[in-house]
Amino acid sequence: MAGLNETHITLLRVLFVLGITIGSQNIDMNQDWLANIGSQNIDMNQDWLANIARYIVYFILVRVSRPAAVMAYDALHNNAVLDFSRLVEKQRNTIVLFVVSSLVLYYSKLKLFGEDFVSLFVAYLLLHRDENNRKPSTVTYGVGMACSYFEGYLNHVIPSDGYRFVGFQENISNYENYHSIVFPVRRLFVVITKSLFCPPDLKFFNRENRPDLPSLDACESLPRITKDVAGVKNREYKNSAYMIRRPDGPPVYLAVECATPIHTLYNVVKNRQLYSEIDNIDKKEVIDDFTRTLTNVIDKSEDCRGKCELVYFDTDSDKCLAEVLLDKIRAIEPNFENISRERD
C-alpha cells in the first residue's frame, strides 16, 4: 500500500479506539455522553497517566515473556551465555520506558500489578497461540541465509551424486594421492567472520612480520565439480585447499573457505542506501541465526554430518586464523600429527 507508514497506522489505530470509546458512550441514549465524560474527568493529571503507565508495564512484560523463556531454555539446555550488555543496548528504549512507567506508579502510590494483569496475560497467550496456529512463522534473514547456503552449495559439494561426483571426502582422498600430501581432517572448514569481511585470499588474515606464528598459503584447488543445476548446464563448483605453515612443524593441509552468504551480507551492509528494508539489521543476530541454523541442518543431514566444520573467527582476537584452524583440527583429531597417508 503506497504511502502507508507506521505513523499513519498508529493514527488510524488511535481513531479506532476513540471511535469505540465514543460509541460506547452513545449506547445509553438517556445519557449525555459529553456531560458524562466531563463529569468523570478521570483526573487527567494523575489517574489517566497512572493507568497508561500501568498498561505500559503490563504490555512490556507480556511482550518480553516469550524471548525470556527462549533465553532461559537455551541457557539450561544449550549452555548459551546471555550477552547482557548487548541485550541492554538493543532494548534500551524499552527498558527506559519500563522504568519511567514504574516510577509513575510508585509516585502515584499505586500497586505495580492489579488483578487485571493475569486476565490480560491469559488473553494474550490465547490470542498469540491462535495466531501461531494460523500464521506461518517468519523466517529471519540469518535462517534464510543458512538454508540457501546448505541447499544451494553444501549439498552440491559434500555428498556424492552417484554419477559425476564421488563426494567431498573421496575428492580429498584423490587429491592427497595425486599430490602426495595428507589432510589430517577430511572436512570442509567454513569460516564465519565476526566482522563479515571475507577476503579473496585467506592469507589476508596472516600476521605480517610474525614468523613465530602459523600462516595460511593457498594451494591448488580440489578437483572441480560439474553439475546441471536449475537450467544451468555444466555448472562448476570447487573447494579451496590451503596449507598452514608452522614455525615448529611440518605444514598442515585442509580444505577451508569463508561462508559466501557472510560475504554477501557484508556487501549488503556496506551498501545500505540500496537496501532500506534492512537498514537497522543486527549483524550479530544474523550471524547467530545463520550459525545455529546451519549447524542444526548439517547435524541432521546424513550426507553432510561430520564432513563440514563451522569456524567462528573474530579478527579482533589475539589469535590469527591459522591458529584458530589448528585448534579446531586438534579438537577434532588430537593425534593429527601422527596421521600417515596409509591411514585408509
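Conventions and cut-offs
- Residues numbered from 1 in each chain as written.
- Predicted model: local features only at pLDDT ≥ 70, side-chain atom pairs only at ≥ 80, totals over all residues.
- Heavy atoms only, no water.
- Helix = DSSP H or I, 4+ residues; strand = E, 2+ residues; numbered from the N terminus.
- Buried < 20%, exposed > 50% of the residue type's maximum accessible area, 1.4 Å probe, protein only.
- Contact = heavy atoms within 4.5 Å.
- Areas by Shrake-Rupley, 256 points an atom, 1.4 Å probe, with all protein chains shown as cover.
- Core = buried A, V, L, I, M, F, W, Y, C linked by side-chain atoms within 4.5 Å.
- Pairing = 2+ DSSP bridges.
- Axes fitted to C-alpha atoms, helices over the stretch in contact; angles between N-to-C directions.
- Disulfide = S-S within 2.5 Å.
- Parallel < 35°, antiparallel > 145°, perpendicular 65-115°, else oblique.
- Left-handed = near helix turned anticlockwise from the far one by under 90°.
- Nonpolar A, V, L, I, M, F, W, Y, C, P; charged D, E, K, R; others polar.
- Expected span 1.5 Å × (residues − 1).
- pLDDT = per-residue confidence, 0-100.
- Arc of directions from axis to C-beta.
- Phe/Tyr/Trp six-rings, centres within 6.5 Å; stacked < 30°, edge-to-face > 60°.

Asker: Would you explain the overall build of the protein in this entry?
Answerer: When helices and strands are counted, the protein shows 11 helices and 7 strands. Out of the 344 residues belonging to the protein, those deemed buried represent 30%. When contacts within the protein are restricted to residue pairs at least 6 apart in sequence, those whose partners lie at least 24 apart make up 69%. Of the roughly 22500 Å² that the protein leaves accessible, carbon and sulfur atoms contribute 55%.

Asker: Is there a simple way to think about the nonpolar core in this case?
Answerer: For soluble globular proteins, nonpolar side chains are generally found buried alongside one another. In this structure, Leu-154, Phe-183, Ile-262, Phe-290, Leu-294 and Leu-325 are the most contacted members of the largest nonpolar core, which totals 64 residues. With 7 residues, the single largest contributor to this core is helix 7 (residues 141-157). Aside from chain neighbours lying at most four places away, what touches Leu-325 is Phe-189, Leu-216, Ile-244, Leu-254, Val-256 and Val-311.

Asker: Can you walk me through the sheet that holds strand 7 (residues 308-313) in this structure?
Answerer: Each strand in a sheet pairs with its neighbour through backbone hydrogen bonds, running either in the same direction (parallel) or in the opposite one (antiparallel). The sheet built from 5 strands is open, its strands ordered 2-5-6-1-7 with mixed pairing. In this open sheet, the two edge strands, each paired with only one partner strand, are strand 2 (215-218) and strand 7. Strand-to-strand twist in this sheet, taken as the mean axis angle between neighbours without regard to direction, amounts to 40°. Strand contacts of helix 10 (residues 283-300): strand 1 (188-193) and strand 7, with the helix running at about 160° to strand 7, the strand carrying the most contacts. Most of the contacts of helix 11 (residues 321-332) go to strand 7, to which it runs at about 140°, and overall it touches strand 1, strand 2, strand 5 (241-246), strand 6 (249-258) and strand 7.

Asker: Sorry if this is basic, but what is going on with the state of the cysteines here?
Answerer: Chemically, a disulfide is nothing more than a covalent bond linking the sulfur atoms of two cysteines. Taken as a whole and assessed by the stated rule, the structure comprises 0 disulfides. Unpaired in this structure, Cys-304 has its nearest cysteine sulfur neighbour in Cys-308, at a distance of 7.2 Å. Cys-304 gets classed as buried once you look at its relative accessible area, which sits at 1%.

Asker: Looking at this structure, how should I read the pairing of strand 7?
Answerer: Across a regular strand the side chains alternate sides, sitting on one face of the sheet and then on the other. Taken across its 6 residues, strand 7 has 5 buried, putting it largely inside the fold. In this sheet, strand 7 lies alongside strand 1 in parallel orientation, the contact comprising 6 bridges. Bridged to Thr-193 within strand 7 is Phe-313.

Asker: Explain the packing of helix 7 against helix 10 to me, please; I cannot follow it from the model alone.
Answerer: Between two packed helices, both the angle of their axes relative to each other and the distance between the axes serve to describe the pair. With their axes 7 Å apart at the nearest point, helix 7 and helix 10 run at an angle of 40° to one another. Comparing the axis directions of helix 7 and helix 10 gives the class oblique. The handedness of the crossing between helix 7 and helix 10 is right-handed. Of the residues in helix 10, those touching helix 7 at Tyr-141, Gly-142, Val-143, Met-145, Ala-146, Cys-147, Tyr-149, Phe-150 and Leu-154 are Val-286, Asp-289, Phe-290, Thr-293, Leu-294, Val-297 and Ile-298. A breakdown of the residues in the contact of helix 7 with helix 10 according to their chemical character gives 13 nonpolar, 2 polar and 1 charged.

Asker: Is there a simple way to explain the side chain of Glu-309 in this structure?
Answerer: With respect to the secondary-structure elements, Glu-309 resides in strand 7. Given a relative accessible area of 16%, Glu-309 falls into the buried group.

Asker: Honestly, helix 5 (residues 92-107) in this entry has me stumped. Any pointers?
Answerer: Working note: α-helix, 3.6 residues per turn, so residues spaced by three or four point in the same direction. Along its 16 residues, helix 5 runs 23 Å from first to last C-alpha, staying within 8% of the 22 Å computed at 1.5 Å per residue. Directly after helix 5, the chain includes Lys-109, whose backbone phi takes a positive value near 60°.

Asker: Would you explain the confidence of the model for the protein in this entry?
Answerer: Low-pLDDT stretches of the model should not have their predicted coordinates read in fine detail. Residues of the protein with pLDDT of at least 70 account for 72%, and the chain-wide mean is 78. When mean pLDDT is compared element by element in the protein, strand 1 scores highest at 95, while helix 2 (residues 33-40) scores lowest at 46. Confidence drops under pLDDT 50 across residues 33-45; counting only partners more than four residues distant or on other chains, this segment forms 10 contacts.

Asker: What is the right way to look at the side chain of Thr-293 in this model?
Answerer: Position of Thr-293 relative to the elements: it lies in helix 10. When residues no more than four places from it in sequence are discounted, the contact partners of Thr-293 are Val-143, Ala-146 and Cys-147.

Asker: When you look at unusual backbone geometry in this model, what are you seeing that I'm missing?
Answerer: With a phi close to 55°, Ser-180 is a non-glycine residue in the positive phi region. Topologically, Ser-180 is positioned in the loop between helix 8 (168-179) and strand 1. Residue Ser-180 is classed as exposed on the basis of its relative accessible area, which comes to 51%. Non-glycine residue Asn-234 carries a positive phi angle of around 55°.

Asker: I tried to follow helix 9 (residues 260-270) on my own but got confused; where do I start?
Answerer: Listed in full, the buried residues belonging to helix 9 are Pro-261, Ile-262, Leu-265, Val-268 and Val-269. In a view along the axis of helix 9, the buried residues occupy a sector of 115°, so they form one face of it. On its buried face, helix 9 sits against helix 7, strand 1 and helix 10.

Asker: Just to check I follow, could you spell out the packing of aromatic side chains for this structure?
Answerer: What describes a pair of aromatic rings is the distance from one ring centre to the other and the angle between the planes of the rings. Applying the stated criterion across every chain yields a total of 9 aromatic pairs. Ring geometry for Tyr-175 versus Phe-183: centroids 5.7 Å apart, planes at 85°, classification edge-to-face. Exposure remark for Tyr-175: the relative accessible area of 5% places this residue in the buried category. On the basis of relative accessibility, which here comes to 0%, the residue Phe-183 falls in the buried class. Measuring from ring centre to ring centre gives 5.7 Å for Phe-204 and Phe-205, while their planes differ by 80°; the resulting arrangement is edge-to-face. Overall, Phe-205 belongs to the buried group, its relative accessible area being 7%. Site record: aromatic cluster; members linked through ring pairs are Phe-197, Phe-204, Phe-205, Tyr-266 and Phe-313.

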